[in-house]
Amino acid sequence: MAAEPIVRVDHLKKYFPVTKGMIMQKVVGNVQAVDDVSFNINEGETFSIVGESGCGKTTTSKLLLRLEKPTSGHVYLDGKDIHAIGGDDLRRYRTQVQAVFQDPWSSLNPRMLVRDIISEALVVNNRLPKSEVNSRVEGLLSSVGLHPSQASVQNKLSRGALGTWFAVYGGGRMVQEVKGGYSNFNWTNLPLPSLDGV
């Protein structure tokens, strides 16, 4: 028997209303941004959505990140409908699913120290004490072959690698990298990547 997919998207639709009138707005139609999309993402897979501008890549991504509500259809993570969860389940979901954008000027502050960039996810998602955060940052750097002293330098590290670490060490499982004309869903249940720049 095949394993249950980590992410299952069933007949996902997102329509945006087109309105007419300034005060008494009347819906005169819909923009069908996402229309009946279904797919699965299995453990360890990298899944990409590729298409021309305006085909619904970003809207699909926002639906998976729960930044938009679907018109109809479902998105399941580990069998739970992400648009039906709340409370602690929603908080846990927010720490597990993370977006990383590949534009270096908007995704990471080049003036921040490496320690601060890596520790941000630990502080926000895990609410760890400072001593434990510093220890985990040093351990992370050592695990990818860097000396802990490099935590005190300004950011000159790979944005993609750091984004993956945000998800892994912040308790996450998915990193969504958005770049140009495609959206790439990269699951991080695999061994950590190494830094590709210092």
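Provided above is the structure to which this section pertains.
As a convention, each chain's residues are numbered from 1 in the sequence order in which they are written. Owing to the predicted nature of the model, reporting of local features is limited to residues with pLDDT of at least 70; listing and counting of side-chain atom pairs is limited to 80 or more, with chain, interface and lining totals taken over all residues. Excluded from the side-chain calculations are hydrogens and water; all other atoms, namely the structure's heavy atoms, are used.

Asks: Whenever I open this one, the pairing of strand β2 (residues 26-41) confuses me. Can you help?
Replies: Both faces of the sheet carry side chains from a regular strand, because those side chains alternate between them. Only strands that DSSP links by at least two bridges are regarded as paired with each other. Numbering goes from the N terminus for both helices and strands, where a helix is a DSSP run of H or I of at least four residues and a strand is a run of E of at least two. Both strand β1 (residues 7-20) and β2 contribute to a ladder of 12 bridges, which runs antiparallel. Looking across to β2, one finds that valine 18 is bridged to glycine 29.

Asks: How should I be thinking about the pattern of salt bridges in this particular structure?
Replies: A side chain of one charge can pair with a side chain of the opposite charge if their charged atoms are brought near each other. By definition, a salt bridge exists where a carboxyl oxygen of Asp or Glu is found within 4 Å of a side-chain nitrogen of Lys or Arg. Counted under the stated rule, the structure contains five salt bridges. Residue arginine 8 pairs with aspartate 10 through a salt bridge whose shortest N-O separation is 2.9 Å. Here aspartate 89 and lysine 80 are joined by a salt bridge, their closest N and O atoms 3.4 Å apart. Whether a residue is buried, partly exposed or exposed follows from its accessible area with a 1.4 Å probe, protein chains only, as a fraction of its type maximum: under 20%, in between, or over 50%, in that order. With relative accessibility at 28%, the residue aspartate 89 sits in the partly exposed group. Look at lysine 80 and you get partly exposed, because its relative accessible area is 44%.

Asks: Mind showing me how you'd approach the sheet that holds β1 here?
Replies: For sheets, the rule is that strands pair by backbone hydrogen bonds, running either parallel or antiparallel. The strand order across the open sheet formed by four strands is β2-β1-β4-β5, and the pairing between neighbours is antiparallel. Looking at which strands have only one partner, the edges of the open sheet turn out to be β2 and β5 (80-81). Bridge count between strand β4 (residues 72-77) and β5: two bridges; the pairing is antiparallel. Residue pairing for β5: tyrosine 76 is matched across the bridge by aspartate 81.

Asks: Even after reading the chapter, I still don't get a nonpolar patch on the surface, so can you show me in this structure?
Replies: Taken together, Val18, Val28 and Val31 make up a surface patch of nonpolar side chains, about 230 Å² in accessible area. By the secondary structure assignment, valine 28 is in strand β2. Nonpolar side chains (Val, Leu, Ile, Met, Phe, Trp, Tyr) are joined into patches within 5 Å and like charges within 9 Å, using only residues with over 30% relative accessible area and no salt bridge. A 1.4 Å probe and the Shrake-Rupley method give the accessible areas. Residues count as covered only by the protein chains that appear here.

Asks: Looking at this model, I keep getting lost on the nonpolar core. Mind explaining?
Replies: Nonpolar side chains tend to gather and get buried jointly when the protein is soluble and globular. Here, nonpolar core refers to any group of buried Ala, Val, Leu, Ile, Met, Phe, Trp, Tyr and Cys residues whose side-chain atoms link them within 4.5 Å. In this structure, Val7, Val9, Phe39, Leu64, Val75, Leu77 and Tyr93 are the most contacted members of the largest nonpolar core, which totals 19 residues. Elements supplying a minimum of two residues to this core: β1, β2, β3 (46-50), α1 (57-64), β4 and α2 (87-96). Membership of the second largest hydrophobic core comes to nine residues, among which are Ile118, Leu122, Val133 and Val137.

Asks: So what exactly am I meant to see when it comes to unusual backbone geometry here?
Replies: What you tend to see is this: most non-glycine residues have negative phi, and most peptide bonds are trans. One non-glycine residue, arginine 66, adopts positive backbone phi at about 65°. Notably, aspartate 78 is not glycine yet its phi reads approximately 50°, a positive angle. Mapping aspartate 78 onto the fold places it in the loop between β4 and β5.

Asks: Explain α1 to me, please; I cannot follow it from the model alone.
Replies: Structural remark: α-helix, 3.6 residues per turn; residues separated by three or four positions point the same way. Among the eight residues of α1, six are classified as buried, and the element is accordingly described as predominantly covered. For α1, every residue scored as buried is listed here: Lys57, Thr59, Thr60, Ser61, Leu63 and Leu64.

Asks: Got a minute to help me understand the side chain of histidine 83 in this structure?
Replies: Topologically, histidine 83 is positioned in the loop between β5 and α2. Pairing of N or O atoms within 3.5 Å defines a polar contact, subject to two protein rules: one partner must be a possible hydrogen donor and the other a possible acceptor, and residues neighboring in sequence count only if both atoms are side-chain atoms. For histidine 83, the side chain forms a polar contact with the main-chain oxygen of leucine 63, separated by 3.0 Å. When checking whether two residues touch, look at their non-hydrogen atoms; a contact exists if any pair is within 4.5 Å. Ignoring any residue separated from it by four or fewer positions in sequence, one finds histidine 83 in contact with Leu63, Arg66, Glu68, Lys69, Pro70 and Val75.

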